[in-house]
Amino acid sequence: MRVPLLFVLLPLVGLYGSPTAHAAASLLVDDAGITPAGHCQLESWIRQHHRNGHEPVVVAACTRAGTEWSFGLGHHGGQSRSDAALGVKRPLPLADASPLQLAVALAFDQDLHDARSHGLSLGLPMSIMLGPDSTLHVEAGLRRQDDARGWTFGTGLEQLLSARWSVLGELARDVHRDTHLQLGLRRQLWSGSSLDLLHGRALGGDGARWITLGLNLALPR
(Lines give C-alpha, C1' and ligand atoms only; values in the text may rest on other atoms or scores of the structure.)
Protein backbone atom coordinates (compact mmCIF):
# COMPACT_ATOMS: atom_id res chain seq x y z
CA MET A 1 0.00 0.00 0.00
CA ARG A 2 1.26 3.45 -0.87
CA VAL A 3 1.07 6.34 1.60
CA PRO A 4 -1.50 8.37 -0.44
CA LEU A 5 -4.10 5.69 0.36
CA LEU A 6 -4.14 7.19 3.85
CA PHE A 7 -5.89 10.26 2.48
CA VAL A 8 -8.44 8.07 0.68
CA LEU A 9 -9.33 6.01 3.75
CA LEU A 10 -9.72 8.86 6.22
CA PRO A 11 -12.50 10.79 4.46
CA LEU A 12 -14.46 7.56 3.99
CA VAL A 13 -14.35 6.64 7.65
CA GLY A 14 -15.49 10.12 8.60
CA LEU A 15 -18.96 8.58 8.39
CA TYR A 16 -18.08 6.72 11.54
CA GLY A 17 -16.23 8.46 14.42
CA SER A 18 -13.95 8.17 17.82
CA PRO A 19 -13.19 6.64 21.17
CA THR A 20 -12.11 8.17 24.42
CA ALA A 21 -9.43 10.81 24.49
CA HIS A 22 -6.54 8.68 25.69
CA ALA A 23 -7.23 5.33 24.17
CA ALA A 24 -3.92 4.57 22.52
CA ALA A 25 -1.21 6.64 24.02
CA SER A 26 -0.88 9.87 22.02
CA LEU A 27 -3.32 8.48 19.44
CA LEU A 28 -7.11 8.80 19.54
CA VAL A 29 -7.88 5.31 18.20
CA ASP A 30 -6.95 2.22 20.20
CA ASP A 31 -5.44 -0.86 18.57
CA ALA A 32 -5.98 -4.52 19.42
CA GLY A 33 -2.44 -5.12 20.66
CA ILE A 34 -1.31 -5.27 24.28
CA THR A 35 2.00 -5.08 26.11
CA PRO A 36 3.92 -8.39 25.80
CA ALA A 37 3.13 -10.95 28.51
CA GLY A 38 5.01 -10.31 31.74
CA HIS A 39 6.17 -6.87 30.60
CA CYS A 40 5.21 -3.27 31.40
CA GLN A 41 5.38 -0.04 29.44
CA LEU A 42 5.11 3.65 30.23
CA GLU A 43 3.24 5.90 27.81
CA SER A 44 3.42 9.66 28.22
CA TRP A 45 2.47 12.60 26.06
CA ILE A 46 1.81 16.30 26.19
CA ARG A 47 -0.83 17.89 24.00
CA GLN A 48 -0.51 21.63 23.45
CA HIS A 49 -3.85 23.13 22.43
CA HIS A 50 -3.87 26.19 20.21
CA ARG A 51 -6.29 28.16 22.39
CA ASN A 52 -6.96 25.96 25.39
CA GLY A 53 -3.77 25.25 27.35
CA HIS A 54 -1.65 22.14 27.62
CA GLU A 55 -2.53 18.57 28.56
CA PRO A 56 0.17 16.25 30.02
CA VAL A 57 -0.72 12.57 30.51
CA VAL A 58 1.19 9.53 31.80
CA VAL A 59 -0.07 5.92 31.64
CA ALA A 60 1.55 2.76 33.01
CA ALA A 61 0.43 -0.58 31.55
CA CYS A 62 1.37 -4.17 32.42
CA THR A 63 0.19 -7.52 31.06
CA ARG A 64 -0.59 -10.40 33.38
CA ALA A 65 -2.63 -13.56 32.65
CA GLY A 66 -3.23 -12.49 29.06
CA THR A 67 -4.80 -9.16 30.11
CA GLU A 68 -3.33 -5.65 30.01
CA TRP A 69 -3.97 -3.51 33.09
CA SER A 70 -3.36 0.23 32.96
CA PHE A 71 -3.47 3.27 35.22
CA GLY A 72 -3.16 6.84 34.00
CA LEU A 73 -3.06 10.41 35.28
CA GLY A 74 -3.69 13.53 33.22
CA HIS A 75 -4.22 17.26 33.61
CA HIS A 76 -5.92 19.73 31.27
CA GLY A 77 -4.58 23.19 32.01
CA GLY A 78 -7.23 25.01 29.97
CA GLN A 79 -10.04 23.42 31.97
CA SER A 80 -8.24 23.16 35.34
CA ARG A 81 -9.19 19.48 35.27
CA SER A 82 -7.18 16.49 36.51
CA ASP A 83 -8.20 12.91 35.77
CA ALA A 84 -7.28 9.41 36.89
CA ALA A 85 -8.12 6.45 34.67
CA LEU A 86 -8.16 2.66 35.05
CA GLY A 87 -8.20 0.37 32.02
CA VAL A 88 -8.39 -3.34 31.18
CA LYS A 89 -7.85 -4.83 27.71
CA ARG A 90 -7.95 -8.46 26.66
CA PRO A 91 -7.34 -9.81 23.14
CA LEU A 92 -9.86 -12.25 21.70
CA PRO A 93 -8.45 -15.63 20.59
CA LEU A 94 -7.80 -15.88 16.83
CA ALA A 95 -5.54 -18.02 14.69
CA ASP A 96 -1.85 -17.07 15.02
CA ALA A 97 -1.56 -16.55 11.27
CA SER A 98 -4.66 -14.34 11.05
CA PRO A 99 -4.08 -10.78 9.73
CA LEU A 100 -6.92 -9.69 12.03
CA GLN A 101 -6.64 -8.95 15.75
CA LEU A 102 -9.58 -8.20 18.06
CA ALA A 103 -9.75 -7.10 21.69
CA VAL A 104 -12.20 -5.91 24.32
CA ALA A 105 -11.27 -2.83 26.38
CA LEU A 106 -12.97 -1.36 29.45
CA ALA A 107 -11.95 1.98 30.98
CA PHE A 108 -13.11 4.18 33.85
CA ASP A 109 -11.96 7.76 34.40
CA GLN A 110 -12.62 10.18 37.24
CA ASP A 111 -12.15 13.94 37.59
CA LEU A 112 -10.04 14.29 40.76
CA HIS A 113 -11.59 17.69 41.53
CA ASP A 114 -15.24 16.77 40.99
CA ALA A 115 -16.62 13.46 42.26
CA ARG A 116 -19.70 13.86 40.05
CA SER A 117 -17.66 14.00 36.83
CA HIS A 118 -16.59 10.60 35.55
CA GLY A 119 -16.73 8.41 32.47
CA LEU A 120 -17.05 4.74 31.55
CA SER A 121 -16.10 3.27 28.18
CA LEU A 122 -16.42 -0.12 26.51
CA GLY A 123 -14.40 -0.46 23.32
CA LEU A 124 -13.88 -3.11 20.64
CA PRO A 125 -10.56 -2.32 18.94
CA MET A 126 -9.64 -4.19 15.76
CA SER A 127 -6.32 -4.20 13.89
CA ILE A 128 -6.00 -5.46 10.31
CA MET A 129 -2.69 -6.11 8.56
CA LEU A 130 -3.18 -4.70 5.05
CA GLY A 131 0.34 -5.68 4.02
CA PRO A 132 3.84 -6.01 5.46
CA ASP A 133 4.09 -2.25 5.94
CA SER A 134 0.48 -1.17 6.64
CA THR A 135 -1.92 -1.68 9.54
CA LEU A 136 -5.48 -0.39 9.78
CA HIS A 137 -6.99 0.16 13.23
CA VAL A 138 -10.75 0.46 13.76
CA GLU A 139 -12.55 0.89 17.07
CA ALA A 140 -16.23 1.05 17.98
CA GLY A 141 -17.40 1.62 21.51
CA LEU A 142 -19.94 2.86 23.99
CA ARG A 143 -19.12 5.84 26.18
CA ARG A 144 -20.83 7.48 29.12
CA GLN A 145 -19.37 10.84 30.14
CA ASP A 146 -21.34 12.71 32.81
CA ASP A 147 -24.71 13.38 31.16
CA ALA A 148 -23.62 12.35 27.67
CA ARG A 149 -23.78 8.78 26.42
CA GLY A 150 -23.64 7.08 23.05
CA TRP A 151 -21.52 5.38 20.42
CA THR A 152 -17.95 6.32 19.62
CA PHE A 153 -16.05 5.34 16.48
CA GLY A 154 -12.57 5.76 15.11
CA THR A 155 -10.17 4.52 12.47
CA GLY A 156 -6.47 5.00 11.91
CA LEU A 157 -3.72 3.89 9.57
CA GLU A 158 -0.08 3.19 10.41
CA GLN A 159 2.14 3.08 7.31
CA LEU A 160 5.78 2.03 7.67
CA LEU A 161 8.13 4.26 5.67
CA SER A 162 11.41 2.66 6.75
CA ALA A 163 12.80 0.51 9.55
CA ARG A 164 12.48 3.44 11.97
CA TRP A 165 9.85 5.81 10.57
CA SER A 166 6.07 5.46 10.20
CA VAL A 167 3.35 7.88 9.15
CA LEU A 168 0.20 7.94 11.29
CA GLY A 169 -3.28 9.16 10.47
CA GLU A 170 -6.64 8.84 12.17
CA LEU A 171 -10.17 10.18 12.21
CA ALA A 172 -12.36 9.83 15.29
CA ARG A 173 -15.70 10.96 16.68
CA ASP A 174 -16.44 11.13 20.40
CA VAL A 175 -19.57 10.78 22.49
CA HIS A 176 -20.42 14.45 21.91
CA ARG A 177 -20.40 13.77 18.13
CA ASP A 178 -17.33 15.95 17.66
CA THR A 179 -14.98 14.68 14.95
CA HIS A 180 -11.19 14.96 15.21
CA LEU A 181 -8.36 14.39 12.74
CA GLN A 182 -4.72 13.65 13.59
CA LEU A 183 -1.73 13.21 11.27
CA GLY A 184 1.89 12.69 12.26
CA LEU A 185 5.07 10.62 12.37
CA ARG A 186 6.40 7.87 14.63
CA ARG A 187 10.10 7.25 15.20
CA GLN A 188 11.17 3.86 16.58
CA LEU A 189 13.89 4.39 19.20
CA TRP A 190 14.65 0.83 20.32
CA SER A 191 12.68 -2.35 20.88
CA GLY A 192 9.24 -1.47 22.28
CA SER A 193 9.97 2.28 22.50
CA SER A 194 8.95 5.08 20.16
CA LEU A 195 8.43 8.83 19.80
CA ASP A 196 5.31 10.36 18.19
CA LEU A 197 4.77 13.86 16.81
CA LEU A 198 1.20 14.62 15.72
CA HIS A 199 -0.87 17.57 14.56
CA GLY A 200 -4.60 17.43 15.26
CA ARG A 201 -7.67 19.51 14.66
CA ALA A 202 -11.40 19.43 15.24
CA LEU A 203 -13.50 19.20 12.09
CA GLY A 204 -16.32 21.66 12.57
CA GLY A 205 -17.19 23.51 15.74
CA ASP A 206 -14.51 25.99 16.76
CA GLY A 207 -11.86 24.27 14.61
CA ALA A 208 -9.61 23.68 17.64
CA ARG A 209 -6.03 22.63 16.84
CA TRP A 210 -3.26 20.97 18.83
CA ILE A 211 0.24 19.49 18.67
CA THR A 212 1.04 16.24 20.52
CA LEU A 213 4.46 14.90 21.49
CA GLY A 214 4.31 11.34 22.81
CA LEU A 215 6.94 8.99 24.24
CA ASN A 216 6.32 5.24 24.68
CA LEU A 217 8.90 3.32 26.74
CA ALA A 218 9.22 -0.42 27.25
CA LEU A 219 10.22 -1.05 30.87
CA PRO A 220 12.78 -3.70 31.83
CA ARG A 221 11.44 -6.84 33.51
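So, here's what we can say about the structure. (Residues numbered from 1 in each chain as written. Predicted model: local features only at pLDDT ≥ 70, side-chain atom pairs only at ≥ 80, totals over all residues. Heavy atoms only, no water.)

Moving on, we come to the overall build of the protein. Across its full length, the protein carries one helix and 12 strands. Sequence-ordered secondary structure for the protein, helices as α and strands as β, is α-β-β-β-β-β-β-β-β-β-β-β-β. When the 221 residues of the protein are sorted by exposure, 40% land in the buried category. Taking as baseline every contact in the protein between residues at least 6 positions apart, the subset at least 24 positions apart corresponds to 43%. (Helix = DSSP H or I, 4+ residues; strand = E, 2+ residues; numbered from the N terminus. Buried < 20%, exposed > 50% of the residue type's maximum accessible area, 1.4 Å probe, protein only. Contact = heavy atoms within 4.5 Å.)

One pass over the full model with this rule turns up one disulfide. Here Cys40 connects covalently by a disulfide to Cys62, the sulfurs 2.0 Å from one another. Across the S-S bond linking Cys40 and Cys62, the dihedral sits near 110°, which makes this disulfide right-handed. You can see Cys40 sitting in strand 1 (residues 40–49) and its partner Cys62 sitting in strand 2 (residues 54–64), a full 22 residues away along the chain. Judged by relative accessible area, Cys40 falls into the buried class, the value being 18%. Take Cys62: its relative accessible area is 24%, and that puts it in the partly exposed class. (Disulfide = S-S within 2.5 Å.)

Take the pattern of salt bridges next. Applying the stated criterion to the full structure yields eight salt bridges. For Asp31, the salt bridge goes to Lys89, with nearest N and O atoms at 3.9 Å. Here the residue Asp31 occupies a position in the loop between helix 1 (5–13) and strand 1, and Lys89 occupies one in strand 4 (residues 81–91), the gap between them amounting to 58 residues. Under the relative-accessibility criterion, Asp31 is labelled partly exposed at 27%. We classify Lys89 as buried; its relative accessible area is 6%. Between Asp196 and Arg186 there is a salt bridge, with its nearest N and O atoms 2.7 Å apart. (Salt bridge = Lys/Arg side-chain N within 4 Å of Asp/Glu carboxyl O.)

On to the side chain of Glu55. Assignment of secondary structure puts Glu55 in strand 2. As a buried residue without a salt bridge, Glu55 has its nearest oppositely charged side chain in Arg47, at a separation of 4.1 Å. In this structure the side chain of Glu55 is engaged in a polar contact, spanning 3.0 Å, whose partner is the side chain of His49. (Lys, Arg positive; Asp, Glu negative; His and termini not counted. Polar contact = N/O pair within 3.5 Å; in protein donor to acceptor, adjacent residues only side chain to side chain.)

To continue, consider the environment of Ala140. Secondary-structure assignment places Ala140 in strand 7 (residues 134–145). Ala140 has contacts with Leu122, Gly123, Leu124, Thr152 and Phe153, leaving out every residue within four places of it along the chain.

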